[in-house]
Amino acid sequence: MRTRPLYDIAAVLARLGVGVVFMAHGWQKIEAGVTATSRSFDDLGVPLPTAAAVYSAFVELLGGAALIAGLGLPVTGALLFLDMAGAFVFVHVDQGLFMVDGENVQNGYELVLALGMVSLLFAAGGGGRLTADQWILGRRARAPENDGDEEEDAASFVASLRAAESKPAKKPRSPRPAKDRTPSLEPPKDTGAPDKPDTSGSGKAGEGAEDDVLVAGRKNQRRRASRTQPIKRTPGTDEDAPT
C-alpha cells in the first residue's frame, strides 16, 4: 500500500522529467523557426501546418514549464495530450512502434504514445499534492472562513447597535439642591415678645457665688481667731520665773 507523501514525491519527479522533455522539443521548434517547422509539417502531411507548428511549439514549451510547477495541470495535461494525439495520428502511426530499429530510424510512435498517456494522467489529477494548484486552492479554501468570521463580526456589531437604539433613553437625574452651610448674615427677626430671663443658668451661677462668699468668710474668721487667741504657756517656760 502506497503512502501519500511517497506518491507526492514520485509525482513531482515524473512531472519534472516529462516537463523537461516537452520544453526541449518546444524550444527546438521555436529555435528552428515557425516557418521551417510549418514546412516540415507540410512535408509530413499535417493539415494546417502553420497553425500546427505554432500550437505545438508554444504548447510544448509553456506546457512543459507548467507541468514542472504543477500549474493548471488539468488544462496543461489536456493540451499536451492533444498535441501528442495529433503527432500520433498524422505523423507516427504508420511508422511502427520503435523510433529506431537496429540501424534503421523508423520514427515510430513509442515516444509520443508515452508522453501522451502521462499527460492524460496529469490532466486526470495524478500530479500529486506538491503543486501550485494545491497551494492556490488551499488559499481559496481558507479565504471563505475569514470572510465568514468578518461577516459574523459585522452582524454582531449591527445587532448591538440596534439593541442600543431600542433601549429607552434614561431620564437625567435632577441635581439635588446643595445645602447652604454658610451662616446667615441676616439679623434675627424681632417677634415682639420680651426676652425671658434665663433662670436656670443665672440661678445656679448665683448660688455658686454665695457659696464662695460663705466659704471665704469662714476662712477669714478662722484666721482672725487664730491671731487673737492667747498662747498657752507651760509652767516651766514662764519668763517671770526667777533665775
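Calculation rules
- Residues numbered from 1 in each chain as written.
- Predicted model: local features only at pLDDT ≥ 70, side-chain atom pairs only at ≥ 80, totals over all residues.
- Heavy atoms only, no water.
- Helix = DSSP H or I, 4+ residues; strand = E, 2+ residues; numbered from the N terminus.
- Buried < 20%, exposed > 50% of the residue type's maximum accessible area, 1.4 Å probe, protein only.
- Polar contact = N/O pair within 3.5 Å; in protein donor to acceptor, adjacent residues only side chain to side chain.
- Core = buried A, V, L, I, M, F, W, Y, C linked by side-chain atoms within 4.5 Å.
- Contact = heavy atoms within 4.5 Å.

A. Fine view of the side chain of Ser56. Locating Ser56 in the fold gives a position in helix H3 (residues 49-69). When its relative accessible area of 3% is taken as the criterion, Ser56 is described as buried. A polar atom in the side chain of Ser56 sits 3.1 Å from the backbone oxygen of Ala53.

B. Examining the nonpolar core more closely. Counting residues in each nonpolar core, the largest one holds eleven residues, listed as Val18, Phe22, Val59, Leu67, Leu73, Leu80, Met84, Ala87, Val112, Leu115 and Phe122. Residue assignment for this core shows that the elements contributing at least two residues are helix H1 (4-32), H3, helix H4 (73-92) and helix H5 (110-123). When residues of this core are assigned to their parent elements, the largest contribution, four residues, is made by H4. Excluding residues that lie within four positions of it along the chain, Val18 makes contacts with Leu67, Leu115, Val118 and Phe122. One finds Phe41, Val46, Ala53 and Val91 within the second-largest nonpolar core, a separate group that totals five residues.

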